[in-house]
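Letter by letter, the chains look like this.
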Amino acid sequence: MNAAGSVEMVSLDVGYTLGAPAGPTITARLVALSPLPAATAKRLAQQHLHTARPGDQAAIARVCSALRIDLDLFPHEHQAPEFTWWPGAVACVAALARVLPVVTVSNVSSWDERPGDVAGHLAPHLAAHYPSWRLGFSKPDPRALRAVAERHGVRVERLVHVGDSFDYDVRGALAADARAVWITSDPTALSELPAVQRPKVMVVPDLHAAVARLTSLSATAVPPHTRSTA
């Protein structure tokens, strides 16, 4: 990755980057109900629910149809599970926010987000929190990170996205022309990327290492600017 002096903002994935849900998500419940292969059902559920607004009956009908689930079986009673934060996650976000503006960009359905949980838990370190259902785009759709960069007046080429998923976080960042920090213990999938894209990806073993690398490279980075809320 190029020197972070040209980085103007960092976006953080939430699920499995900063912590994990403590119970089954609505996606997991729908996958269990569907006769389709689990990977296919998960992809379809996310496709239809990640950008749907609360109470979107058309989205509910579409996801049930796509998953071959009787509409009456949709779990309307679903309660968003509590979120378990990884040890040190808040301290990591705070350390990063001291040198660069930080936002969170999360693929999450409105059924699975607890109101105020992310923004409240990470305040005052976040410039904004962008769940996909509110943003209107979900990773790896390049419009997700491009929309975030535009809202903050930052060129997307100067945004670095940090996450654990190769398919969503790394590919999503590269598709948007941003850079990526990939948290993984097995970076072999990097070989799937065109050679020209690989220098735009930094591989680290955990969140602490990601923050250490970004903060150490950010000595000449633009300091945090005017913060907005979402």
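Residues numbered from 1 in each chain as written. Predicted model: local features only at pLDDT ≥ 70, side-chain atom pairs only at ≥ 80, totals over all residues. Heavy atoms only, no water.

Some thoughts on the pattern of salt bridges
By the definition in use, this model includes nine salt bridges. One salt bridge in this structure joins Asp13 and Lys139, with 2.9 Å as the shortest N-O distance. Here the residue Asp13 occupies a position in the loop between strand E1 (9-12) and strand E2 (19-21), and Lys139 occupies one in the loop between helix H6 (132-135) and helix H7 (142-151), the gap between them amounting to 126 residues. You'll find Asp13 and Lys139 in the same group, each marked buried. For Glu192, the salt bridge is made with Arg171, and the minimal N-O distance between the two is 2.9 Å. Taken together, the residues Glu192 in the loop between strand E7 (179-183) and strand E8 (201-204) and Arg171 in helix H8 (residues 166-175) connect sequence positions 21 residues apart. Assessed through its relative accessible area of 54%, Glu192 is described here as exposed. We classify Arg171 as partly exposed; its relative accessible area is 32%. (Salt bridge = Lys/Arg side-chain N within 4 Å of Asp/Glu carboxyl O. Helix = DSSP H or I, 4+ residues; strand = E, 2+ residues; numbered from the N terminus. Buried < 20%, exposed > 50% of the residue type's maximum accessible area, 1.4 Å probe, protein only.)

Considerations on the sheet that holds E8
Across the sheet, which stays open at both edges, the six strands sit in the order E5-E4-E1-E6-E7-E8 with parallel pairing between neighbours. Either end of the sheet is taken by a strand with one partner, and the two such strands are strand E5 (128-131) and E8. Along the sheet, successive strands turn relative to each other by an average axial angle of 20 degrees, direction set aside. Here helix H9 (residues 207-216) sits on the sheet in contact with E1, strand E6 (159-163), E7 and E8, set at roughly 130 degrees to E8. (Pairing = 2+ DSSP bridges. Axes fitted to C-alpha atoms, helices over the stretch in contact; angles between N-to-C directions. Contact = heavy atoms within 4.5 Å.)

A short note on the side chain of Asp13
With relative accessibility at 5%, the residue Asp13 sits in the buried group. A polar side-chain atom of Asp13 sits 2.7 Å from a polar atom in the side chain of Thr17. Apart from the residues within four sequence positions on either side, Asp13 is in contact with Leu18, Val105, Lys139, His161, Val162, Gly163, Asp164 and Asp169. (Polar contact = N/O pair within 3.5 Å; in protein donor to acceptor, adjacent residues only side chain to side chain.)

Thoughts on the packing of aromatic side chains
Applying the stated rule across the entire model yields three aromatic pairs. Ring centres of Phe83 and Trp85 lie 4.9 Å apart, and the angle between their planes is 70 degrees; this geometry places the pair in the edge-to-face category. Aromatic pair Phe166 and Trp182: ring centres 5.0 Å apart, planes at 45 degrees, arrangement tilted. Separated by 16 residues along the polypeptide, Phe166 in helix H8 and Trp182 in strand E7 bring together distant segments of the chain. (Phe/Tyr/Trp six-rings, centres within 6.5 Å; stacked < 30°, edge-to-face > 60°.)

Focus on the packing of helix H2 (residues 38-49) against helix H3 (residues 57-67)
At a minimum axis distance of 9 Å, the contact between H2 and H3 shows a crossing angle of 165 degrees. Relative to H3, H2 is oriented roughly antiparallel. Regarding H2 and H3, the two cross each other, and that crossing is right-handed. Residues Ala41, Leu44, Ala45, His48 and Leu49 of H2 touch H3, and the partners they reach there are Ala59, Arg62, Val63, Ala66 and Leu67. Considered class by class, the residues forming the contact of H2 with H3 number eight nonpolar, one polar and one charged. (Parallel < 35°, antiparallel > 145°, perpendicular 65-115°, else oblique. Left-handed = near helix turned anticlockwise from the far one by under 90°. Nonpolar A, V, L, I, M, F, W, Y, C, P; charged D, E, K, R; others polar.)

A word on the confidence of the model for the protein
Confidence in the prediction for the protein averages 92 pLDDT; 92% of positions are at 70 or higher. Scored below 50 in pLDDT, residues 220-230 shows 38 contacts in the model against residues more than four places distant or in partner chains. (pLDDT = per-residue confidence, 0-100.)

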